[in-house]
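Summary of structural features
Okay, here's what each chain looks like letter by letter:
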Amino acid sequence: MNDTAAKIRELTDLLNRYGYEYYTLDAPSVPDAEYDRLFHELEALEAAHPALKLPDSPTLRVGGAPLSAFAQVRHEVPMLSLSNAFSPQDESGAFDHAEMTAFDERVRGGLGGKPPQYVIEPKFDGLAVSLLYRDGVLVQAATRGDGSSGEDVTQNIRTVSDIPLRLRGGDTPALIEIRGEVLMFKADFAALNLRQEENGRKPFANPRNAAAGSLRQLDPRITAQRKLHFFPYSIARQEGGFSAGTHMQELDYCGRLGFALPEGNCGCFGSMAEILAFYEQMRQKRPALPYEIDGMVVKVNSLAQQHELGFISRAPRWAVAHKFPAEEALTVVEAIDVQI
Ligand SMILES: CC(C)(CNC(=O)c1ccc(Oc2ccccc2)cc1)c1ccc2c(N)nc(N)nc2n1
């Protein structure tokens, strides 16, 4: 490799490490001025040697020329929705968890009476996307669409700072497809709407619409100006690399690959009673979370038990969204469509 190519490789790796420390670990190891100096040095080298620009270059995060339309991407593995369980409040204000108890009984029935371990995690209220990495490099990103195919939003996804352009850690899988949610934090949503109003533009109704509108922008430079985040929640396909046996191991593996995890807002328990206690804790914590959630998701932890339980019309038998009651009587709970 000639020394210009070596220098570009070195600057790309260094800036990706600094970006990971700043955006995902929230623990920068260099001042912003140092990052900017190296970033401009890389930009200059790439402008002088376009053929040497790397597919995981951090300069891709600023967004290139606008697209005229989004290409369609067919999902090799369908992107499913979740069946819903609600816990309505009775007039005394007590919550009726009958639907979650019924879920637990169905799961135990399906497992021949074996008591499963459950994982409970936030049900992110954003836009579901699928990320495809080949030999550790992000090569494609798509929205869920109708579950079978979605829009190719690869260029826009590269501007999301906590999505790695190259997976971290050793033992890189030849292929891995990671699913999760792109969302906008509440504070960034408020700041965006302030800017919208100042510029005479219509404000977004909620952070989910703001995230969807920002990601489905044909101009990646606009997406790059919107502060988006990503949390993984599933590994859809994998060739090589670490083979997880449980959903918690999948989440931990995503953390090692360089993704942000909703630390402290996930749990793994051996009984539905503990799950319901954690759900209640999260319902109390919800207003203080930096991002919006519209409930919790409860999943069977063992992947072998998930496969044993399968899907009801392709919504998993082994997972259910446990929605929070609407905060105000006026909140319209959208009809949840189980998209296939
Ligand atoms: C559980 C799953 C539906 C993902 N899983 C899948 O989409 C999925 C898709 C094909 C699968 O296997 C199949 C393979 C071939 C055919 C049919 C299914 C398995 C899981 C889901 C959906 C939304 C979530 C959300 N908003 N927040 C959290 N925290 N978790 C979520 N989890």
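Everything quoted here is computed from the prediction, not taken from an experiment.

Looking now at the overall build of the protein. In terms of helices and strands, the protein carries 10 helices and 13 strands. Its C-alpha atoms give the protein principal-axis dimensions of roughly 70 × 50 × 40 Å. Relative to its 340 residues, the protein shows a buried fraction of 48%. A separation threshold of at least 6 residues defines the contact pool for the protein, and within that pool the share at least 24 residues apart is 75%.

Another point: the site of the ligand. Taken together, 15 residues are adjacent to the ligand, and Pro78, Leu80, Glu121, Pro122 and Lys299 come closest. Contacts to the ligand include Glu121, whose side-chain N or O atom sits 2.8 Å from a nitrogen atom. At 2.8 Å, a backbone N or O of Pro122 approaches a nitrogen atom of the ligand. Among the secondary structure elements, those contributing two or more residues to the shell around the ligand are β3 (118–124) and β10 (293–300). Broken down by element, the residue count for the shell around the ligand peaks at four residues, all from β3. When its residues are assigned to classes, the shell around the ligand shows 10 nonpolar, one polar and four charged.

A separate point is helix α2 (residues 32–48). In this model α2 runs 24 Å from its N-terminal to its C-terminal C-alpha over 17 residues, within 8% of the 24 Å that 1.5 Å per residue would give. For α2, the complete set of buried residues consists of Tyr35, Leu38, Phe39, Leu42, Leu45 and Glu46. Viewed along the axis of α2, the buried residues span an arc of 125°, placing them on a single side of the element. Opposite the packed face of α2, turned more than 90 degrees from it, sit the exposed residues Ala33, Ala47 and Ala48. Along its buried surface, α2 packs onto α1 (3–24).

Let us now look at the packing of α1 against α2. For the pair α1 and α2, interaxial distance at closest approach is 10 Å and the crossing angle is 145°. Remark: the crossing between α1 and α2 carries left-handed chirality. Residues Thr4, Lys7, Ile8, Leu11, Thr12, Leu14, Leu15, Tyr18, Gly19 and Tyr22 of α1 pack against Asp32, Tyr35, Leu38, Phe39, Glu41, Leu42 and Leu45 of α2. Taken together, the residues of the contact of α1 with α2 sort by class into 11 nonpolar, three polar and three charged.

A contiguous patch of negative charge, built from Asp90, Glu91, Asp96 and Glu99, is present on the exposed surface. Within the fold, Asp96 resides in the loop between β2 (84–86) and α3 (98–110). The class of Asp96 is partly exposed, set by a relative accessible area of 38%.

Moving on, we come to the sheet that holds strand β13 (residues 319–323). One open sheet accounts for five strands, arranged β2-β13-β10-β3-β9; its pairing is mixed. Both edges of this open sheet fall to β2 and β9 (267–269), since each of them pairs with a single strand only. For this sheet, the mean inter-axis angle between neighbouring strands, taken without regard to orientation, is 30°. In the packing of helix α8 (residues 247–256) onto the sheet, the strands contacted are β3, β9 and β10, and the crossing angle to β3 comes to about 50°.

Here the focus is the side chain of Asp294. On the secondary structure map, Asp294 appears in strand β10. One polar contact links Asp294 to Lys323, side chain to side chain, over a distance of 3.0 Å. Not counting the four nearest positions on each side in its chain, Asp294 is found in contact with Lys123, Asp125, Arg286, Lys323 and Phe324.

So, about the nonpolar core. Judged by nonpolar contacts, the single largest core of 35 residues is most densely connected at Met100, Phe103, Tyr118, Met272, Tyr291, Met296 and Val298. Not counting residues up to four positions away in its chain, the partners in contact with Met272 are Met100, Phe103, Asp104, Tyr118 and Val298. By size, the runner-up hydrophobic cluster in this structure holds 31 residues, among which are Leu131, Ile178, Ile235 and Cys254.

Following the sequence through the fold, Asp219 ends up in the loop between α6 (207–215) and α7 (220–225). Separated by 127 residues in sequence, Asp219 and Ser92 place their C-alpha atoms 51 Å apart. Those residues in contact with Asp219, other than ones at most four positions away along the chain, are Gly64, Pro66 and Asn156.

A few words now on the environment of Arg317. Tracing the chain through its elements places Arg317 in the loop between β12 (315–316) and β13. C-alpha of Arg317 to C-alpha of Arg168: the two residues are 149 residues apart in sequence and 33 Å apart in space. Non-local contacts of Arg317, meaning those with residues more than four positions away in its chain, are made with Phe103, Val107, Leu309, Gly310, Phe311 and Ile312. Engagement of the side chain of Arg317 in a polar contact is seen with the backbone oxygen of Leu309, the distance being 3.2 Å.

What follows covers helix α5 (residues 186–198). A rise of 1.5 Å per residue sets the reference length of α5, with its 13 residues, at 18 Å; its end C-alpha atoms lie 19 Å apart and thus fit the reference within 8%. Residues of α5 that are buried include every one of Phe189, Leu192, Asn193 and Gln196, and no others. When α5 is viewed along its axis, its buried side chains cluster within an angular range of 100° and face the same direction. Within α5, the exposed residues directed more than 90 degrees away from the buried face are Ala187, Leu194 and Glu198. Its buried side turned inward, α5 meets α6. Directly beyond the C-terminal end of α5, a positive phi value near 70° is found at Gly200.

Reading the values: the criteria
- Residues numbered from 1 in each chain as written.
- Predicted model: local features only at pLDDT ≥ 70, side-chain atom pairs only at ≥ 80, totals over all residues.
- Heavy atoms only, no water.
- Helix = DSSP H or I, 4+ residues; strand = E, 2+ residues; numbered from the N terminus.
- Buried < 20%, exposed > 50% of the residue type's maximum accessible area, 1.4 Å probe, protein only.
- Contact = heavy atoms within 4.5 Å.
- Near = heavy atom within 4 Å.
- Polar contact = N/O pair within 3.5 Å; in protein donor to acceptor, adjacent residues only side chain to side chain.
- Nonpolar A, V, L, I, M, F, W, Y, C, P; charged D, E, K, R; others polar.
- Expected span 1.5 Å × (residues − 1).
- Arc of directions from axis to C-beta.
- Axes fitted to C-alpha atoms, helices over the stretch in contact; angles between N-to-C directions.
- Left-handed = near helix turned anticlockwise from the far one by under 90°.
- Patch = residues over 30% accessible without salt bridge, like charges linked within 9 Å, V, L, I, M, F, W, Y side chains within 5 Å.
- Areas by Shrake-Rupley, 256 points an atom, 1.4 Å probe, with all protein chains shown as cover.
- Salt bridge = Lys/Arg side-chain N within 4 Å of Asp/Glu carboxyl O.
- Lys, Arg positive; Asp, Glu negative; His and termini not counted.
- Charge placed at Lys NZ, Arg CZ, Asp CG, Glu CD.
- Pairing = 2+ DSSP bridges.
- Core = buried A, V, L, I, M, F, W, Y, C linked by side-chain atoms within 4.5 Å.

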